[in-house]
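Spelled out from the first residue to the last, the chains are:
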Amino acid sequence: MKVTEHIAKAQGKTLFSFEIVPPKKGNSIEELYKNIEPLLEFKPPFIDVTTSREEFYYKEHSNGLLEKKIVRMRPGTVGICSAIQHKYNVDTVPHVLCGGFTREETEDLLVDCFYLGIDNIMALRGDAMKEEKYFRPTKNGNVYALDLVKQINDLRKGIYLHDTLENNTGMDFCIGVAGYPEKHIEAPSKTFDLEKLKEKVDNGADYVVTQMFFDNKQYFDFVEKARQMGINVPIIPGIKPISVKRHLNIIPQAFFLDFPEELVKEIEKCKNNNEVKQVGIEWAIAQSKELRQAGVPSLHYYSMGKSENIIQIISKVF
Ligand code: FAD
């Protein structure tokens, strides 16, 4: 079932959803299942599975020369989505990236999703590769998430890359896209970023999931401006519970966002990461309660594969 259908069916009741990261290649999927299972008791209608960019690594040869190779360390997004859907009967949302994929590969990946009964796709540009400062589009790949949205929207209408196909069955995906309450790091202004979001929606995106934020005002302002601009699809807030002290430095740099003073003070007072985790849980509970009261479509948690703190939060919120 589509994310938008789940939202419509809930008739204004706030849903609970979360995002997981595939395990590193070489590990089994069992650890992931162990983390998901306790969360299933809270009946999430859909679970997102992220996709990681490929990485460079250097293979040393016996003559001492280094060979630069490319590897995807966390493959398996579509496989995990399918496994979860069939094992637990929960809808899944694979994240599909522009970066690292040609348009042909993207089309084939979407065909796999269609055959596997996956109804939703989160369409994203992806970040720069770890070793690169800026995002570099892949040769013959989509450049912006907008281009990917357009490709998926074409496939909904049965428009494939080849016009020589005998049949062209449409693949009716529900399309999610990313939104940034505190603006995307590369965008010159919040208005510019919102205009780009509107283009994604005007070209077929059905709903938006936001980047994490720690001050609900950022989300409320963002939604208000989006509505003024004519973006009328559901905007799902993304919530991340802080769990270690170094998040205070890493997160603002990585995601271009601010921590509220009060949260910074609380975290700074903590003597160890157990205390930080507890502050993170309390903060996320307060954020979630207020957002739920405001009638947001779903509370979407960035779980990073760890369920323990998410359980503590949602058992207080729902
Ligand atoms: P876009 O919408 O393409 O925007 C990228 C930037 O380009 C923005 O600054 C925008 O304002 C600008 N822009 C857009 N169109 C134009 C144009 N025509 N001309 C000039 N500028 C333009 N990353 C992963 O690698 N894997 C994941 O699984 C993943 N999941 C995510 C889930 C969520 C909910 C969110 C919020 C982010 C996620 N990301 C993920 C991170 C995301 O890939 C990065 O934030 C990326 O840098 C931008 O992706 P986007 O889809 O927002 O890009």
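- Looking up the protein chain in an unreviewed UniProt entry gives the name Methylenetetrahydrofolate reductase, with the organism given as Capnocytophaga gingivalis.
- Of the comments in the UniProt record for the protein chain, the one headed Cofactor (unreviewed entry) reads "FAD".
- We quote the UniProt Catalytic activity (unreviewed entry) comment for the protein chain here in full: "(6S)-5-methyl-5,6,7,8-tetrahydrofolate + NAD(+) = (6R)-5,10-methylene-5,6,7,8-tetrahydrofolate + NADH + H(+)".

### Comments concerning the packing of aromatic side chains
So, step 1. By the definition in use, this model includes eight aromatic pairs.
So, step 2. Summarising the aromatic geometry, the rings of phenylalanine 114 and tyrosine 115 are spaced 6.3 Å apart at their centres and angled 40° between planes, so their arrangement reads as tilted.
So, step 3. According to the relative accessible area criterion, phenylalanine 114 is partly exposed, its value standing at 32%.
So, step 4. Tyrosine 115 gets classed as exposed once you look at its relative accessible area, which sits at 65%.
So, step 5. Here the aromatic rings of phenylalanine 214 and phenylalanine 259 are separated by 4.6 Å at their centres, their planes lie at 40°, and the arrangement is tilted. Remark: phenylalanine 259 occurs in the loop between helix 8 (247-255) and helix 9 (261-269) and phenylalanine 214 occurs in the loop between strand 8 (207-212) and helix 7 (216-228); sequence separation between them is 45 residues. Across the pair, phenylalanine 259 and phenylalanine 214 agree in class, each one buried.
So, step 6. The structure contains a cluster of three or more aromatic residues connected by ring pairs, namely Phe16, Phe18, Tyr301 and Phe318.
So, step 7. The ring centre of phenylalanine 135 lies 4.3 Å from the NZ or CZ of arginine 125, which sits over that ring.
So, step 8. Sitting above the plane of the phenylalanine 192 ring, lysine 196 keeps its charged end 5.1 Å from the centroid.

### Quick word on the packing of helix 7 against helix 10 (residues 273-293)
So, step 1. The geometry of helix 7 relative to helix 10 is characterised by a closest axis approach of 10 Å and an angle of 30° between their N-to-C directions. Considering their axes alone, helix 7 and helix 10 lie roughly parallel with respect to each other. Every pair of crossing elements has a handedness; the one defined by helix 7 and helix 10 is right-handed. Touching Asn216, Tyr219 and Phe220 of helix 7 are Gln287, Glu290 and Leu291, all from helix 10.
So, step 2. Class assignment for the residues of the contact of helix 7 with helix 10 results in three nonpolar, two polar and one charged.

### Structural notes on the sheet that holds strand 2 (residues 46-49)
So, step 1. The parallel closed barrel is built from eight strands, whose spatial order is 1-2-5-6-7-8-9-10. Across this sheet, the average inter-strand angle for adjacent strands is 25°, counted without regard to direction.
So, step 2. Where strand 7 (residues 174-179) and strand 8 come together, four bridges link them in parallel fashion. Across the sheet, alanine 178 pairs through a bridge with valine 209, a residue of strand 8.
So, step 3. Where helix 5 (residues 145-156) meets the sheet, it contacts strand 5 (91-97), strand 6 (120-124) and strand 7, and its direction lies at approximately 150° from that of strand 6.

### Regarding the site of the ligand
So, step 1. Taken together, 23 residues lie near the ligand, and Thr51, Asp127, Tyr180, Asp193 and Lys200 sit nearest.
So, step 2. Within the contact set of the ligand, an oxygen atom lies 2.7 Å away from a side-chain nitrogen or oxygen of tyrosine 180.
So, step 3. At 3.4 Å, a backbone N or O of alanine 187 approaches an oxygen atom of the ligand.
So, step 4. In the complex, the protein chains occlude 86% of the 980 Å² of accessible area that the ligand would expose alone.
So, step 5. If you list the elements that add at least two residues to the shell around the ligand, you get strand 5, strand 6, helix 6 (190-202) and strand 8.
So, step 6. Residue classes in the shell around the ligand are distributed as eleven nonpolar, six polar and six charged.

Rules used throughout
Residues numbered from 1 in each chain as written. Predicted model: local features only at pLDDT ≥ 70, side-chain atom pairs only at ≥ 80, totals over all residues. Heavy atoms only, no water. UniProt positions renumbered as here; feature names shortened; annotations may be inferred. Phe/Tyr/Trp six-rings, centres within 6.5 Å; stacked < 30°, edge-to-face > 60°. Buried < 20%, exposed > 50% of the residue type's maximum accessible area, 1.4 Å probe, protein only. Helix = DSSP H or I, 4+ residues; strand = E, 2+ residues; numbered from the N terminus. Lys NZ or Arg CZ within 6 Å of the ring centre and 35° of its normal. Axes fitted to C-alpha atoms, helices over the stretch in contact; angles between N-to-C directions. Parallel < 35°, antiparallel > 145°, perpendicular 65-115°, else oblique. Left-handed = near helix turned anticlockwise from the far one by under 90°. Contact = heavy atoms within 4.5 Å. Nonpolar A, V, L, I, M, F, W, Y, C, P; charged D, E, K, R; others polar. Pairing = 2+ DSSP bridges. Near = heavy atom within 4 Å. Polar contact = N/O pair within 3.5 Å; in protein donor to acceptor, adjacent residues only side chain to side chain. Areas by Shrake-Rupley, 256 points an atom, 1.4 Å probe, with all protein chains shown as cover.

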